[in-house]
Amino acid sequence: QVQLVESGGGLVQAGGSLRLSCAASGSIFSINAMGWYRQAPGKQRELVAGISSRGSTNYADSVKGRFTISRDNAKNTMYLQMNSLKPEDTAVYYCAARILSGLTPFSDYWGQGTQVTVSS
């Protein structure tokens, strides 16, 4: 069974920084693309940043230049460094990954989410 567990969320003032982590565990053969999503109250879930297995990255326009996504394939872990945070970044942040496990073909898995709150 595969699990994704996020950590690192919290309350920060505008202009501050946070670093989110997402650790994948279980019977994992390979991890393909990974990504961070967020959902603010009353809004749809949106892609914040994605990273391929080779390290290619893409970002939502709203976070370009402020957020950096990275991954450590040896640790099956993904990170999101968030700098210059704004109140509009407040949301529940979810990690997602496409994983080949010992039991199933490549499938999409989601973490439980971590709250990020930016105060003005």
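Bear in mind that the values here come from a model prediction, so they are computed numbers and not experimental data.

Some words on the overall build of the chain
In terms of regular secondary structure, the chain is built from zero helices and eleven strands. Along the chain, helices (α) and strands (β) appear in the sequence β-β-β-β-β-β-β-β-β-β-β when read from the amino end. The C-alpha atoms of the chain give a radius of gyration of 14 Å, which matches the 14 Å a tight globule of 120 residues would have. If one aligns the C-alpha atoms of the chain with their principal axes, the spans along those axes are about 45 × 25 × 25 Å. When burial is assessed residue by residue, the chain has 40% of its 120 residues classed as buried. Taking contacts inside the chain between residues at least 6 apart in sequence as the whole, the part at least 24 apart equals 55%. Summing over all exposed atoms, the chain offers an accessible surface of approximately 6400 Å²; the carbon and sulfur share of this is 48%. Charge separation in the chain, taken as the distance between the mean sites of 11 positive and 7 negative side-chain charges, equals 4 Å.

Describing the state of the cysteines
Under the defined criterion, the tally for this structure stands at one disulfide. Cys22 shares a disulfide with Cys95; S-S distance 2.2 Å. Its torsion about the S-S bond being 60°, the disulfide of Cys22 and Cys95 is classed as right-handed. One end of the pair, Cys22, is in strand S3 (residues 18–25); the other, Cys95, is in strand S9 (residues 91–101), with 73 residues separating them in the sequence. The exposure class of Cys22 is buried, given its relative accessible area of 0%. On the basis of relative accessible area, Cys95 is assigned to the buried category, the value being 0%.

Quick look at the side chain of Ser21
Tracing the chain through its elements places Ser21 in strand S3. The exposure class of Ser21 is buried, given its relative accessible area of 18%.

What about the environment of Tyr93?
Structurally, the position occupied by Tyr93 is in strand S9. Separated by 81 residues in sequence, Tyr93 and Val12 place their C-alpha atoms 14 Å apart. Leaving out residues up to four positions away in the same chain, Tyr93 has contacts with Glu6, Leu20, Tyr37, Arg38, Val48, Phe67, Leu80, Met82, Gly113, Thr114 and Val116. Side chain to side chain, Tyr93 and Arg38 meet in a polar contact 2.9 Å long.

What counts as what
Residues numbered from 1 in each chain as written. Predicted model: local features only at pLDDT ≥ 70, side-chain atom pairs only at ≥ 80, totals over all residues. Heavy atoms only, no water. Helix = DSSP H or I, 4+ residues; strand = E, 2+ residues; numbered from the N terminus. Rg over C-alpha atoms; globule rule 2.2 N^0.38 Å. Buried < 20%, exposed > 50% of the residue type's maximum accessible area, 1.4 Å probe, protein only. Contact = heavy atoms within 4.5 Å. Areas by Shrake-Rupley, 256 points an atom, 1.4 Å probe, with all protein chains shown as cover. Lys, Arg positive; Asp, Glu negative; His and termini not counted. Charge placed at Lys NZ, Arg CZ, Asp CG, Glu CD. Disulfide = S-S within 2.5 Å. Polar contact = N/O pair within 3.5 Å; in protein donor to acceptor, adjacent residues only side chain to side chain.

Distances and angles like these do not, on their own, reveal function.
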